[in-house]
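Observations on the three-dimensional arrangement
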Amino acid sequence: MKTHTKEDILQLVQDEDVEFIRLQFTDIMGNLKNVAITSSQLEKALDNKCMFDGSSIEGFVRIEESDMYLYPDFSTLEIFPWRPQQGKVARLICDVYRPNGEPFEGDPRYVLRRAIREAEKMGYTFAVGPECEFFLFHTDENGLPTTLTHEKAGYFDLGPVDFGENARRDMVLTLEEMGFEIEASHHEVAPAQHEIDFKYDEALRTADNIMTFKLTVKSIAKRHGLHATFMPKPKYGVNGSGMHINMSLMKDGKNIFHDSNGELGLSKEAYYFIGGIMKHMKGMTAITNPLVNSYKRLVPGYEAPVYIAWSAKNRSPLIRIPAARDEGTRIELRSPDSSANPYLALAVCLQAGLDGIRNQIMPPKSVDCNIFQMTEKERIESDIEEIPGTLIEAVSEMEKDPFMREVLGDHVYEKYIAAKKQEWQDYRSQVTDWELNRYLNQY
């Protein structure tokens, strides 16, 4: 992670001819926001004196308590390579504070910071590596996104079949210019679907990177005349886009999930961490899969997990243990998608795992067969439960688990649930094309 002083940043901005600085933050729903300032206002911003109206941001505060301050994280300074090279544009990711100097409890970055502090008290550092999938679609004559694509490429295909290869290459090169270490990029299973994987990092840095990644991918796609979407299931009949989360806990520089003498090479902490996630998975799902559309992806037949189980041998369960061991030992949670707020998603994953370690929650036995091929009776006999099937089910499960309020805090918990219930109500009141096609003529 880069370390900058205030003087370093002021000097770099001058040397690099940076004219605009975006002070970025993320709202509760996972949307990236910013206040743009010119370089003449930078010193004021670095002194934490940049104020904004928090009442205008969804899930923040009421109008009578709207004044909020942005505290830039100096380590997040980055110049956008796709912006002009004269009068450049840079960004700083910020924490949100109240006027009295206290962290704002509705800031998702604060929720993750609080979870990280809990891990630190136990001597742990949380390392995370995401796998972000997305679609590249055509835009219409007005530049608005469609779900159209001419390509028919599949998993690991390459050009000329993969029409998005050039755009994906530019995304990788741009991300590397911004300090990302890209481990792999490839075409995914569905036509126009892609994945770019970047190296794992400490949790807060990874959450920041996910937000930067999505902005960069969308910006480069637009330069290629395409629209990049992280919507979980934009097209019926093909695979949706997920964001698998690979997790490890480090202690004294060692990966504590590895134990060469343990069953499957896993430590007891690894098993407890799995147990904690499985215990709280139903309550967490409204965070890891936050949209009505998220649950169109989580259906049998499209490789997305549906059942709460784990395995080191196959990919049908919710949690997979990849083959790598020693420092590569990790737990892969396969249900989240990229519409999730990464700060909240990583916070609930970490806190659930820590709860498992504290209370020594052992998971059930691993399920090493294809769960989708099991009968309902076999799943019931094996005590295999399903994750919520709709957003409103997920919200209901979230309300049933007191742990979720503890992790998120009262403010985020209440605002989030209220917003998701309204989203469900808006969806429930719609009349869709499917209904018209199914019922209009018949009834």
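For the structure, see preceding data.
Residues numbered from 1 in each chain as written. Predicted model: local features only at pLDDT ≥ 70, side-chain atom pairs only at ≥ 80, totals over all residues. Heavy atoms only, no water.

Here the focus is the overall build of the protein chain. Scanning the protein chain for helices and strands turns up 12 helices and 18 strands. In terms of overall size, the protein chain behaves like a compact globule, its C-alpha atoms giving a radius of gyration of 22 Å where 443 residues would be expected to give roughly 22 Å. For the protein chain, the spread of C-alpha atoms along the principal axes amounts to about 70 × 55 × 45 Å. Looking at the 443 residues of the protein chain, the share that counts as buried comes to 53%. At a minimum sequence separation of 6, the contacts of the protein chain that also span at least 24 residues come to 71%. Accessible surface, the protein chain: about 20,500 Å² in total, of which carbon and sulfur atoms supply 47%. Across the protein chain, the centroid of the 51 positively charged side chains sits 2 Å from that of the 69 negatively charged ones. (Helix = DSSP H or I, 4+ residues; strand = E, 2+ residues; numbered from the N terminus. Rg over C-alpha atoms; globule rule 2.2 N^0.38 Å. Buried < 20%, exposed > 50% of the residue type's maximum accessible area, 1.4 Å probe, protein only. Contact = heavy atoms within 4.5 Å. Areas by Shrake-Rupley, 256 points an atom, 1.4 Å probe, with all protein chains shown as cover. Lys, Arg positive; Asp, Glu negative; His and termini not counted. Charge placed at Lys NZ, Arg CZ, Asp CG, Glu CD.)

Relative to the assigned elements, Glu195 resides in strand S9 (residues 193-198). What makes Glu195 buried here is its relative accessible area of 3%. Put simply, Glu195 and Cys132 are 63 residues apart on the chain and 5.8 Å apart in space, counted from C-alpha to C-alpha. Beyond its immediate chain neighbours, meaning those up to four positions away, Glu195 contacts Glu131, Cys132, Glu133, Phe134, Arg168, Ala184, Ser185, His186 and Glu188.

One pass over the structure, following the stated rule, counts 16 aromatic pairs. Look at Phe134 and Phe213: their rings are 6.4 Å apart centre to centre, the planes differ by 65 degrees, and that puts the pair in the edge-to-face class. Linking Phe134 in strand S7 (residues 125-138) with Phe213 in helix H5 (residues 203-223), this pair joins segments that are 79 residues apart in sequence. For Phe134, a relative accessible area of 0% corresponds to the buried category. (Phe/Tyr/Trp six-rings, centres within 6.5 Å; stacked < 30°, edge-to-face > 60°.)

Further remarks concern the packing of helix H6 (residues 268-288) against helix H10 (residues 391-400). Their axes nearest at 7 Å, the elements H6 and H10 cross at an angle of 125 degrees. On the basis of the axis angle, H6 is oblique to H10. Once H6 is placed against H10, the crossing between them reads as left-handed. Here Lys282, Gly283, Thr285, Ala286 and Ile287 of H6 lie close against H10, whose contacting residues are Ala394, Val395, Glu397 and Met398. The residue inventory of the contact of H6 with H10, partitioned by class, reads five nonpolar, two polar and two charged. (Axes fitted to C-alpha atoms, helices over the stretch in contact; angles between N-to-C directions. Parallel < 35°, antiparallel > 145°, perpendicular 65-115°, else oblique. Left-handed = near helix turned anticlockwise from the far one by under 90°. Nonpolar A, V, L, I, M, F, W, Y, C, P; charged D, E, K, R; others polar.)

What follows covers the pattern of salt bridges. Applying the stated criterion across every chain, the model contains 22 salt bridges. Where Asp47 meets Lys6, a salt bridge forms, and the shortest distance between an N and an O atom there is 2.8 Å. Of this pair, Asp47 sits in the loop between helix H2 (42-46) and strand S3 (50-53) while Lys6 sits in helix H1 (residues 6-15), placing them 41 residues apart in sequence. We note a salt bridge from Glu118 to Arg358, for which the minimum N-O separation is 3.3 Å. You can see Glu118 sitting in helix H3 (residues 108-121) and its partner Arg358 sitting in helix H8 (residues 342-358), a full 240 residues away along the chain. (Salt bridge = Lys/Arg side-chain N within 4 Å of Asp/Glu carboxyl O.)

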